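# Fold and contact review
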Amino acid sequence: MASSASAAKAQELNMKMETEARLVLEQVEKQWLRKVAKSSYECVVACFDKAGTTGASDVLEQCSQNCQVKYQNANAIVQNETNQFQNRLNRSMMDCQDEARDMIKPGMESDPNKIAKVEAHALKCMSRTVDDHIKKLRPLKDRIVGQLKELAK
């Protein structure tokens, strides 16, 4: 069982990763997704303007759906890259947990010093993983932005 200090440190690492990832995703949203969304909505408004009060509703619906394709694709790009990043982070964290589990030998549960060493090893591994993945946020952002630029063409 993890000590309360270890649990607090693990929570701190989780918050650090979440905060850094949130900042990157907010930048992408504000600098790129909003532009695509605005363009999509302007396109939909143009569909309504073109249809006026006499245009066919199925033509209006098709026009509106076509306008939203880029925005939907942009969101899919962000979601896909984010999911892949999260999966890699989760696998790395699982590796840390596996390393710690592999260190535990029968009877160790009753020795607080040995358990503390295992917890310290796990936390060190998790901290390194968080730091490594924070460094990978910039390339993640660059990949997303690159794909969004291609989509905007």
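Everything in this summary refers to the structure shown in the same document. In this text the structure is predicted, and so the values were computed from the model without any measurement. (Residues numbered from 1 in each chain as written. Predicted model: local features only at pLDDT ≥ 70, side-chain atom pairs only at ≥ 80, totals over all residues. Heavy atoms only, no water.)

## Topic: the side chain of S64
Note the threshold: Starting at the N terminus, helices and strands are each numbered in turn, a helix being any DSSP run of H or I of at least four residues and a strand any DSSP run of E of at least two. Using a 1.4 Å probe on the protein chains alone, a residue whose accessible area is under 20% of its type maximum counts as buried, one over 50% counts as exposed, and one in between counts as partly exposed. The contact definition used throughout considers only heavy atoms, calling two residues in contact when any of these lie within 4.5 Å.
Summarising the element assignment, S64 is placed in helix 2 (residues 57–103). For S64, a relative accessible area of 8% puts it in the buried group. The residues contacting S64, other than those within four sequence positions of it, are V44, C47 and F48.

## What to know about the pattern of salt bridges
So the rule is basically this: Salt bridges are identified by distance alone: a Lys or Arg side-chain nitrogen within 4 Å of an Asp or Glu carboxyl oxygen.
Tallied over the entire structure, the rule returns seven salt bridges. Linking E12 and K9 is a salt bridge whose minimum nitrogen-to-oxygen distance equals 3.6 Å. With E12 and K9 both in helix 1 (residues 4–51) and three residues apart, this pair spans about one turn of that helix. Notably, a salt bridge pairs R143 with E81, separated by 3.0 Å at the nearest N-O pair. Taken together, the positions of R143 in helix 4 (residues 137–152) and E81 in helix 2 put the pair 62 residues apart, joining distant regions of the chain. Under the relative-accessibility criterion, E81 is labelled buried at 8%.

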